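This is what each chain is made of:
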Amino acid sequence: MVKKLILVRHGKARGTGPGESDFDRELTDSARSVLASVDGFMRSFYLLDAHSASHATIWSSPAVRARQTADEVDRTLGGDHDVVLVDSLWEQDEDTFISQIAATDADCLIAVGHIPFMNNVISRISGVDLALKPGGIASIDLDDSGVAGALEWFVQGPVVD
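Residues numbered from 1 in each chain as written. Predicted model: local features only at pLDDT ≥ 70, side-chain atom pairs only at ≥ 80, totals over all residues. Heavy atoms only, no water.

Digging into helix α4 (residues 64-76)
Here comes step 1: Along its 13 residues, α4 runs 19 Å from first to last C-alpha, staying within 8% of the 18 Å computed at 1.5 Å per residue.
Here comes step 2: Turning to α4, its buried residues number three or more, namely Val-64, Arg-65, Ala-66, Gln-68, Thr-69, Ala-70, Glu-72, Val-73 and Asp-74.
Here comes step 3: Downstream of α4 by one or two residues, Gly-78 has phi in the positive range, about 115 degrees. (Helix = DSSP H or I, 4+ residues; strand = E, 2+ residues; numbered from the N terminus. Expected span 1.5 Å × (residues − 1). Buried < 20%, exposed > 50% of the residue type's maximum accessible area, 1.4 Å probe, protein only.)

Observations concerning the pattern of salt bridges
Here comes step 1: In the structure shown here, the tally under the stated rule is 10 salt bridges.
Here comes step 2: Between Lys-4 and Glu-152 there is a salt bridge; the shortest N-O distance is 2.6 Å. Within this pair, whereas Lys-4 is found in strand β1 (residues 4-9), its partner Glu-152 is found in strand β6 (residues 149-155), the two being separated by 148 residues in sequence.
Here comes step 3: The network of salt bridges with shared partners includes Lys-4, Asp-141 and Glu-152. (Salt bridge = Lys/Arg side-chain N within 4 Å of Asp/Glu carboxyl O.)

Description of the side chain of Thr-28
Here comes step 1: Mapped onto the fold, Thr-28 is located in the loop between β1 and α1 (29-35).
Here comes step 2: Take Thr-28: its relative accessible area is 14%, and that puts it in the buried class.
Here comes step 3: A distance of 3.4 Å separates a polar atom in the side chain of Thr-28 from a polar atom in the side chain of Ser-30. (Polar contact = N/O pair within 3.5 Å; in protein donor to acceptor, adjacent residues only side chain to side chain.)

Let's talk about unusual backbone geometry
Here comes step 1: Here the amide bond leading from Ile-115 into Pro-116 is cis, since omega sits at 5 degrees, within 30 degrees of zero.
Here comes step 2: Here Pro-116 shows up in the loop between β4 (108-113) and α7 (117-126).
Here comes step 3: Even without a glycine there, the phi angle at Gln-92 is positive, about 55 degrees.
Here comes step 4: Relative to the elements of secondary structure, Gln-92 occurs in the loop between α5 (87-91) and α6 (94-103).

Re the pairing of β6
Here comes step 1: Direction of pairing for strand β5 (residues 137-142) relative to β6: antiparallel, over a ladder of six bridges. Paired with Ile-140 across the bridge in β6 is Leu-151.
Here comes step 2: Turn length for the β5-β6 hairpin, with the two strands adjacent in sequence and antiparallel, is six residues, and the turn residue Gly-146 shows positive phi of about 80 degrees. (Pairing = 2+ DSSP bridges.)

Following this line, the structure appears as structure tokens:
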């Protein structure tokens, strides 16, 4: 059962152009640069203990911008984590996602997704209302049920031009 759940809103994405789908939007170049910098995920994930960082499981929405953000998370944590694509993160299916959390045996689960889904899940699990900006992160210590817990820390996403 997951002991620590870390929810990450994907970084700032490009707008959609004619004929482009929302699913295929990529991170902006400046978002990629900032997330990879000391002011980005290095600053945020410094708060994560070494055991959790090295034993984390990373889930991502299959949308391009979320996968790119998950890859930045992986690089920040040392680059040896597999990123698992989880449809409930794209579909914003809270019930399925929370069931999946309860069913996994990861000590630390990092999930990269979208709003309003991430904000809703934080509120539902911890009772705390947050509004994650792009690249924002919330860490929740889960109780024995695996579906409720307490907000441990929160870092708003970095400023991106």
